[in-house]
Each structure stands twice: as C-alpha cells, then as structure tokens.
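Descriptive analysis of the structure
The residues making up each chain are set out below.
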Amino acid sequence: MPTLTVENYVKAIYQICASERGKPATTGELAKRLGISPGSVTSMLRTLADTELAEYQAYEGVRLTEKGDLLALRILRRHRLVESFLVNVLDLSWDEVHEEAEHLEHAVSDRLVDRIDEYLGFPERDPHGDPIPTADGRLKKPESTPMAELSAGNGFILDRVLDQSPDFLRYLSESGLEIGVEAEIVENHPSAGALIVRTGDRHVSLGRLAADKLLVRKVS
C-alpha cells in the first residue's frame, strides 16, 4: 500500500510531465510544487525508482513507469470524484473543494470512490473541467485550446481551468466565467499581455498568463 508521501510524489510527477508535454519532471520543479527541499526530493526519487514507480536520472529528471502512471491515475480519479461529490451533493463551491479533496484522496478507498462514481452518474469531468480517469486507468483527454491563442471575434466554450487557486476561481465566478459558459474574445493583445472577453453583458479583462490557464473549445 503506497504511503501518503509516495502518492503525493507520484501525482506531482504525473502532473508536471503532463503540463510539460511528456518532458521529465526536474528536482527543482518537484521541490517547488511539494514545498520541500531539493535534497529530500532526490532521496525520494531514488526510492520511487527502487520500487519501479519511476525512472530517475540525476541532472535529467524523472518520469513515471507504467506502474507509476496507473497509481497516479488512481489518485487523480479519487481526487476528482471527491471534488465532484463535494460540489454536486454537498453544494460546496468550486473554489472550496480542492484543498478538501487533497486530504480526502488519501483516505477514501477505491471501492468507495467507485460507489461515488456510480452515484454521480459516471461523470467524465470534475467541477474544474479536469477529465476523470476510469476505474481501469483510462483517461480521455479533451481537445481544447488555451484561451490566449484565440483571436478577436472567436467564440468559445470554457472547458477547463488549470489554475485552481481559490482566489482565481472566485474571480472567474464573479466574472461569469464558469465551466460550460459560452463567451467571445473581444480583444487580444499579445504584445501587451492582455485580453478582453465578453460573457453575456459583461466585459472581463484577463492577463495572458491567466488566459493560458483557461482551456476552451472554439465555436466560431
């Protein structure tokens, strides 16, 4: 049975590699994400390699093995279904559930998670638009584009939010930008690093870095 620490490392490696399009996760990136020293990270990466959860080479980084990928997907499945349960059943807002799920993902059994999945009607995405892995380790990756890549006049549907910090999610809610909303790019100024989005009768200003964290499906 993997420990909480091992699960946190495996999930962090998976997410970093996914965000970097398959490139190895570096010791520095892991240390920053997990809030620990690089020396502690190096020691744990050797342990993960010994247990065949990861492939680690000093100065190059770390990737998960097939065994490690399956464990990471199990953890993400727990996390995302717990978030979905908290929003859809307990009526928490999407900016409240991430930290709760971070703790609960290590406490719930796979059997309980499967029951939650069934109860919710087998949702494909969590409240932030993240795809939910299936019980057998399959993950359907939505085809979506960073909002920052769209041009003025492009309509879109907000599909996924990668930055799940509470303050950012609250700003999106206050601006009417929630999962599934249809909106339009009014202005996009790459040189200024700024966009203006229209949703309903609102005009919302976003920095380019923020817009890169919003994945959308273009509709026009």
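The rules behind these values
Residues numbered from 1 in each chain as written. Predicted model: local features only at pLDDT ≥ 70, side-chain atom pairs only at ≥ 80, totals over all residues. Heavy atoms only, no water. Helix = DSSP H or I, 4+ residues; strand = E, 2+ residues; numbered from the N terminus. Rg over C-alpha atoms; globule rule 2.2 N^0.38 Å. Buried < 20%, exposed > 50% of the residue type's maximum accessible area, 1.4 Å probe, protein only. Contact = heavy atoms within 4.5 Å. Arc of directions from axis to C-beta. Pairing = 2+ DSSP bridges. UniProt positions renumbered as here; feature names shortened; annotations may be inferred. Polar contact = N/O pair within 3.5 Å; in protein donor to acceptor, adjacent residues only side chain to side chain. Patch = residues over 30% accessible without salt bridge, like charges linked within 9 Å, V, L, I, M, F, W, Y side chains within 5 Å. Areas by Shrake-Rupley, 256 points an atom, 1.4 Å probe, with all protein chains shown as cover. Salt bridge = Lys/Arg side-chain N within 4 Å of Asp/Glu carboxyl O. Core = buried A, V, L, I, M, F, W, Y, C linked by side-chain atoms within 4.5 Å.

Details of the overall build of the chain
- Each helix and strand in the chain was counted, giving 8 helices and 8 strands.
- At 19 Å, the chain has a C-alpha radius of gyration in line with the 17 Å of a compact globule built from 220 residues.
- The dimensions of the chain, computed from C-alpha atoms along their principal axes, are 55 × 45 × 25 Å.
- Looking at the chain as a whole, 40% of its 220 residues qualify as buried.
- In the chain, the proportion of contacts linking residues at least 24 apart, taken out of those at least 6 apart, comes to 62%.

Digging into the environment of Ser 175
- As for its placement among the helices and strands, Ser 175 is situated in helix H7 (residues 166–175).
- With near-sequence residues (within four places) excluded, Ser 175 lies in contact with Thr 199, Arg 202 and Val 204.

Quick word on helix H2 (residues 27–34)
- For H2, every residue scored as buried is listed here: Thr 27, Leu 30 and Ala 31. Taken around the axis of H2, the buried residues stretch over an arc of 100°, which confines them to a single face.
- Just downstream of H2 lies Gly 35, where phi reads positive at about 70°.

Details of unusual backbone geometry
- Residue Asp 91 is not a glycine yet carries a positive backbone phi of 65°.
- The residue Asp 91 is located in the loop between helix H4 (66–88) and helix H5 (97–104) in this model.
- The backbone of Phe 122 shows a phi angle near 55°, a positive value even though the residue is not glycine.
- The exposure class assigned to Phe 122 is exposed, which follows from its relative accessible area of 55%.

Considering the pairing of strand E6 (residues 194–199)
- Going residue by residue along E6, you find Leu 195, Val 197 and Thr 199 tucked away on one face and Ala 194, Ile 196 and Arg 198 left uncovered on the opposite face.
- Both strand E5 (residues 182–189) and E6 contribute to a ladder of 5 bridges, which runs antiparallel. If you follow Glu 184 over to E6, its bridge partner there is Arg 198.
- Here E5 hands over to E6 after 4 residues, with Gly 193 in that stretch at a positive phi of 65°.

Some details on the UniProt feature "domain: HTH dtxR-type" (unreviewed entry) in the chain
- The UniProt record marks residues 1–65 with the feature "domain: HTH dtxR-type" (unreviewed entry), using the residue numbering of this structure.
- Segment residues 1–65 splits into 57% helix and 12% strand. End C-alpha atoms: 17 Å apart.

Comments concerning the environment of Glu 178
- Its place among the elements puts Glu 178 in the loop between H7 and E5.
- A relative accessible area of 39% places Glu 178 in the partly exposed class.
- Along the sequence, Glu 178 and Gln 164 sit 14 residues apart, while their C-alpha atoms lie 12 Å from each other.
- Glu 178 has contacts with Trp 94, Leu 158 and Ser 173, leaving out every residue within four places of it along the chain.
- Among the polar contacts made by the side chain of Glu 178, one reaches the side chain of Ser 173 at a distance of 3.0 Å.

Quick look at a nonpolar patch on the surface
- Taken together, the side chains of Val 89, Leu 90 and Tyr 119 define a hydrophobic patch exposed on the protein surface, amounting to about 320 Å² of accessible area.
- As for its placement among the helices and strands, Tyr 119 is situated in helix H6 (residues 110–119).
- Residue classification places Tyr 119 among the exposed positions, given a relative accessible area of 61%.

A short note on the nonpolar core
- Membership of the largest hydrophobic core comes to 25 residues, with the highest contact counts inside it found for Val 10, Ile 13, Leu 30, Leu 45, Leu 48 and Val 62.
- Going through the elements one at a time, helix H1 (4–19), H2, helix H3 (38–50), strand E1 (54–57), strand E2 (61–64) and H4 are the ones with two or more residues in this core.
- Among the elements that take part in this core, H1 stands out by supplying 8 residues, more than any other.
- If sequence neighbours within four positions are ignored, Val 10 has contacts with Leu 48, Leu 53, Leu 64, Gly 68, Leu 71 and Ala 72.
- Counting 20 residues, the second largest nonpolar core, distinct from the first, contains Met 147, Phe 156, Val 197 and Val 216.

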